[in-house]
Amino acid sequence: MLCLRRVLCDVWVRGIPANLGPLCVGSRSLVSQRAVTGNGAPDSRTCLSLLVRNYAQTRRRQEIPSQLDDLPSTTLKMDYKGVQLSEAVDGVVKRLLTLEMASQAEKLKIKTQQLVDKVKRDPRDTRSPEVRIATLTAKIRNYREHIQKHPKDKANKRKMLMAIDKRKKLLKNLRRTRYDTFEHVCAQLGIEYTFPPEYYRRATRRWLAKKALCLKVYNEAKRLQAAGLLKKRRSLSQVRSKEAQGTPV
């Protein structure tokens with residue numbers, strides 16, 4: 001840790017002059033007297049904390065691609081889909097009726113409806129496996145984007161895993177019953193289907209030790225059984241040879 005601090009401080013001194021001045025990080029300000037020691041070099045702890053904060057801020061600024069980016073801002077909301085906008089309507093009213101000022105939930109409704117329209121059987125179809133798979137796909141992608149921004153949100157991660165399990169079951173049944181529809185759904189929704197493992201049991205240390213012991217006992221029993229059969233065969237062959245030698249021709 002001390003070596004890391006020294007390296008960071010050396011980089012800091014080479015790249016930034018000794019007179020740092022007031023450094024503002026968020027809502028806090030660090031005075032140069034606290035950041036610089038008496039000999040003109042920056043303090044190691046302050047230097048390390050500043051680098052960590054700057055790294056965290058740059059990571060926060062990185063934009064994560066979303067499935068809602070392709071939605072045009074002029075699209076009407078679900079509740080106002082049949083409303084005809086005229087040119088006489090104020091611009092603020094148009095922004096309220098469209099997705100320009102819509103919330104995340106309203107945009108997700110539009111995206112879910114678009115995915116459902118790609119795979120539904122007829123206009124009145126609402127509960128077929130294809131529609132349910134499309135709805136779960138929109139939810140899973142929304143949860144994934146949220147978890148990328150907030151990786152410590154365990155509740156939404158659990159909901160995402162539950163939705164993935166439901167979609168796996170639906171895809172498995174659809175693949176077994178109607179393979180053509182399964183291929184169509186995967187192609188339209190961009191789903192890459194992977195075959196589930198044959199055995200779902202979690203491999204704990206206790207289970208692995210128990211399995212190794214069972215295999216060892218099984219192999220030993222087979223070895224003893226093979227040795228007993230071999231011994232029995234040898235005894236039978238010896239008896240037969242003695243009988244063959246003792247009987248006159």
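Residues numbered from 1 in each chain as written. Predicted model: local features only at pLDDT ≥ 70, side-chain atom pairs only at ≥ 80, totals over all residues. Heavy atoms only, no water.

**Here's the deal with the nonpolar core**
So the rule is basically this: Only buried Ala, Val, Leu, Ile, Met, Phe, Trp, Tyr and Cys residues count toward a nonpolar core, and they belong to the same one when joined by side-chain atoms within 4.5 Å. Categorising residues by exposure relies on relative accessible area from a 1.4 Å probe, with only protein chains included: less than 20% of the type maximum marks a residue as buried, more than 50% marks it as exposed, and the intermediate range marks it as partly exposed. Starting at the N terminus, helices and strands are each numbered in turn, a helix being any DSSP run of H or I of at least four residues and a strand any DSSP run of E of at least two.
In terms of nonpolar packing, the biggest core is built from 22 residues, with Ile133, Ala134, Leu171, Val185, Leu189 and Ile191 touching the most fellow members. Breaking this core down by element, the ones donating at least two residues are helix H5 (104–119), helix H6 (129–149), helix H7 (154–177) and helix H8 (179–189). Considering every element that reaches this core, the biggest residue donor is H6, with seven residues. Within the second largest apolar cluster, five residues are counted, among which are Leu68, Leu71, Ala102 and Ile110.

**Details of H8**
This is how it is decided: Each C-beta atom gives one direction from the helix axis, and the arc is the one those directions make.
All buried positions along H8 are accounted for by Phe182, Val185, Cys186 and Leu189. Down the axis of H8, the buried side of the element spans an arc of 95°, and every buried residue falls inside it. Seen from the open side of H8, the exposed residues pointing more than 90 degrees away from its buried face are Asp180 and Ala187. Phi turns positive one or two residues past the end of H8, at Gly190, with a value near 70°.

**Thoughts on the confidence of the model for the protein chain**
How we decide: Confidence scores labelled pLDDT are given residue by residue by the predictor and lie between 0 and 100. The criterion used for residue contact is that any of the two residues' heavy atoms lie within 4.5 Å.
Chain-level statistics for the protein chain give a pLDDT mean of 78 and a share of 72% at 70 or above. Predicted confidence for residues 16–37 stays below pLDDT 50, and this span has 35 contacts to residues more than four positions away or in other chains.

**Observations concerning the side chain of Glu130**
Basically, it comes down to this: Think of a polar contact as two N or O atoms within 3.5 Å of one another; within protein, one of them needs to be a possible hydrogen donor and the other a possible acceptor, and neighboring residues in sequence only count if both atoms come from side chains.
Within the element layout of this structure, Glu130 appears in helix H6. Among the polar contacts made by the side chain of Glu130, one reaches the side chain of Arg178 at a distance of 2.7 Å.

**Remarks on the packing of H5 against H6**
Stated precisely, the cut-off is as follows: What counts as an axis is a line fitted to C-alpha atoms, over the stretch in contact for a helix, and the angles between N-to-C directions run from 0 to 180 degrees. Left-handed is the label given to a crossing in which the near helix is rotated counterclockwise from the far helix by less than a right angle, and right-handed is the label when the rotation is clockwise. Ten residues, namely Ala, Val, Leu, Ile, Met, Phe, Trp, Tyr, Cys and Pro, are considered nonpolar, four, namely Asp, Glu, Lys and Arg, are considered charged, and the remaining ones, Gly among them, are considered polar.
Where H5 contacts H6, the axes come no closer than 9 Å and their chain directions differ by 145°. As for the relative orientation of H5 and H6, their crossing is right-handed in sense. Listed contacts from H6 to Gln104, Leu108, Thr112, Leu115, Val116 and Val119 of H5 are Glu130, Val131, Ala134, Thr135, Ala138, Arg141 and Asn142. Residues belonging to the contact of H5 with H6 are distributed by class as follows: seven nonpolar, four polar and two charged.

**Digging into the packing of aromatic side chains**
Where we set the bar: Each Phe, Tyr or Trp ring, with Trp reduced to its six-membered ring, pairs with another whose centre is within 6.5 Å; inter-plane angles below 30 degrees give stacked pairs, above 60 give edge-to-face pairs, and intermediate values give tilted ones.
Tallied over the entire structure, the rule returns three aromatic pairs. Each ring, one from Tyr179 and one from Phe182, has its centre 5.8 Å from the other, and the planes form 40°; the classification is tilted. Linking Tyr179 with Phe182, this pair stays in helix H8, spanning three residues, or about one helical turn. Relative accessible area serves as the criterion here: at 41%, Tyr179 is assigned to the partly exposed category. Here Phe182 falls in the buried class, since its relative accessible area comes to 5%. Ring centres of Tyr193 and Phe195 lie 5.8 Å apart, and the angle between their planes is 75°; on these two criteria the pair is classed as edge-to-face.

**A short note on the side chain of Thr112**
One can find Thr112 in helix H5. Apart from residues no more than four positions distant in its own chain, Thr112 is found in contact with Thr135 and Ala138.

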